[in-house]
Amino acid sequence: MTQLARIGRNGLILLPPAFLLIFFFYPLISIFAVSFADGSNGFAALVETDYFARVFLFTTGQAALSTLLSLLLGTALALALLRRCFPGRELLLALLTTAAVAPTIVIAFGVV
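Residues numbered from 1 in each chain as written. Predicted model: local features only at pLDDT ≥ 70, side-chain atom pairs only at ≥ 80, totals over all residues. Heavy atoms only, no water.

(A) Inspection of the overall build of the chain at higher detail. Helices and strands together make up the secondary structure of the chain, namely four helices and zero strands. Along the chain direction, N to C, the helices and strands of the chain fall in the order α-α-α-α. Relative to the 2.2 N^0.38 estimate, which gives 13 Å for 112 residues, the radius of gyration of the chain is 24 Å and therefore markedly larger than a compact globule would have. Referenced to the eigenvectors of the C-alpha coordinate spread, the extents of the chain come out at roughly 65 × 60 × 30 Å. The buried share of the chain, reckoned over its 112 residues, is 4%. A total of about 9,800 Å² of accessible surface is found on the chain, and carbon and sulfur atoms cover 76% of it. Charged side chains of the chain number 6 positive and 4 negative; the gap between the two group centres comes to 27 Å. (Helix = DSSP H or I, 4+ residues; strand = E, 2+ residues; numbered from the N terminus. Rg over C-alpha atoms; globule rule 2.2 N^0.38 Å. Buried < 20%, exposed > 50% of the residue type's maximum accessible area, 1.4 Å probe, protein only. Areas by Shrake-Rupley, 256 points an atom, 1.4 Å probe, with all protein chains shown as cover. Lys, Arg positive; Asp, Glu negative; His and termini not counted. Charge placed at Lys NZ, Arg CZ, Asp CG, Glu CD.)

(B) Seen up close, the pattern of salt bridges. For the structure shown, the criterion picks out one salt bridge. Ionic pairing is found between Arg-89 and Glu-90, a salt bridge with its closest N-O pair at 3.5 Å. (Salt bridge = Lys/Arg side-chain N within 4 Å of Asp/Glu carboxyl O.)

(C) Summary view of helix α4 (residues 89–111). For α4, spanning 23 residues, the distance from its first C-alpha to its last is 33 Å, which sits close to the expected 33 Å at 1.5 Å a residue. Where α4 bends most, the angle comes to about 45°, and this point is Ala-100, followed within four residues by the proline Pro-103. (Expected span 1.5 Å × (residues − 1). Bend = angle between axes of the 7 residues up to and from the residue.)

(D) Quick peek at the packing of aromatic side chains. In total, this model carries three aromatic pairs according to the counting rule given. Between Phe-52 and Phe-56, the aromatic rings sit 6.0 Å apart at their centres with planes inclined by 15°, giving stacked as the arrangement. With Phe-52 and Phe-56 both in helix α3 (residues 50–83) and four residues apart, the pair spans about one turn of that helix. Overall, Phe-52 belongs to the partly exposed group, its relative accessible area being 24%. (Phe/Tyr/Trp six-rings, centres within 6.5 Å; stacked < 30°, edge-to-face > 60°.)

This is how it looks when you write it as C-alpha cells:
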C-alpha cells in the first residue's frame, strides 16, 4: 500500500469521530457550559432542588428494575427457545425476529 493510500485510509477512519466532535459534542459542551455558568439560573439551579433528586432517583430505580426484569425474562426465553422443541416455536421465533427486522423494512419502503 502506498503512502498516499495509507494517509487516505487513515483520513477516512478519522471522519466519523471528527463528525461527532463537531456536530454533537461541541454543541453539547457549549450548552452545558452556559447552563452551569456562575450567575445563571439554568440547569445548575434545577439540579439542586429536592424535586429533581426525587425524580432522578425514581427514574434511575425504575430503569434499573426494568433492565433487570428484561434481562431475566429475555434470558429465560432465549434458553427455552434454544433447548426445547415445542409446538409454535417457529412462529414465536418469527414474531420475535419481526421486532428486529421491522424498522429496517419500514425504512426501505420509505426510501422506495
